[in-house]
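If you want the building blocks of each chain, they are given just below.
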Amino acid sequence: MSDKERNQKDQGIDKIIDKMMKAWGLEGKMKEMDIINAWPEMMGQGIANRTEKIYIRNKVLHIKLNSSVMRDELHYGRSVIIQRVNQFAGSEVINDIWFE
């Protein structure tokens, strides 16, 4: 096999991992984990400090806050949060938010 043929067949580790994630159906879960890890960056440290629990299930972002005032304020801005999260992910990962 010549070097030219081998270079055309070689792929980067990132491409191989992406193919494996798609094949195993884990691509969506990885995006969800990226969103949860980037929550302080997306929403700011003040909201992140008051967030006790955050997870995504069936395209619904579940957020548990330790401040009822913050929960009410975020409830009014839920469409902005959905837009910001989906923009960060690059696709529609969530379509609703539930506050606990």
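Quick caveat, the model's predicted, so the values are computed rather than measured.

Visitor: Can you tell me about the pairing of strand S1 (residues 51-57), naming the residues and giving the values?
Guide: Here S1 runs beside strand S2 (residues 60-65); their pairing, made up of six bridges, is antiparallel. Residue pairing in the sheet places lysine 53 in a bridge with lysine 64 of S2.

Visitor: Could you give an account of the pattern of salt bridges, with specific residues and numbers?
Guide: Following the criterion strictly, the structure yields three salt bridges and no others. Residues aspartate 96 and arginine 78 are paired through a salt bridge, measuring 2.9 Å at the closest nitrogen-oxygen approach. With aspartate 96 in strand S3 (residues 96-99) and arginine 78 in helix H7 (residues 78-89), this residue pair connects regions lying 18 residues apart in the sequence. Taking relative accessible area as the criterion, aspartate 96 reaches 25% and is therefore assigned partly exposed. The partly exposed category is assigned to arginine 78, whose relative accessible area is 22%.

Visitor: So what's going on with the environment of glutamate 92? Which residues, and what values?
Guide: Relative to the helices and strands, glutamate 92 resides in the loop between H7 and S3. Through-space distance from the C-alpha of glutamate 92 to that of glycine 77 is 18 Å; in sequence the pair is 15 residues apart. Glutamate 92 has contacts with Lys59 and Asn86, leaving out every residue within four places of it along the chain.

Visitor: Describe in detail unusual backbone geometry, supporting the description with residues and values.
Guide: A positive phi angle, near 55°, is found at asparagine 58, a position not held by glycine. Considering the arrangement of structural elements, one finds asparagine 58 in the loop between S1 and S2. For asparagine 58, a relative accessible area of 70% puts it in the exposed group. Non-glycine residue lysine 59 carries a positive phi angle of around 65°. Within the secondary structure, lysine 59 is located in the loop between S1 and S2. According to the relative accessible area criterion, lysine 59 is partly exposed, its value standing at 36%.

Here is what the cut-offs are and how they apply
Residues numbered from 1 in each chain as written. Predicted model: local features only at pLDDT ≥ 70, side-chain atom pairs only at ≥ 80, totals over all residues. Heavy atoms only, no water. Pairing = 2+ DSSP bridges. Helix = DSSP H or I, 4+ residues; strand = E, 2+ residues; numbered from the N terminus. Salt bridge = Lys/Arg side-chain N within 4 Å of Asp/Glu carboxyl O. Buried < 20%, exposed > 50% of the residue type's maximum accessible area, 1.4 Å probe, protein only. Contact = heavy atoms within 4.5 Å.

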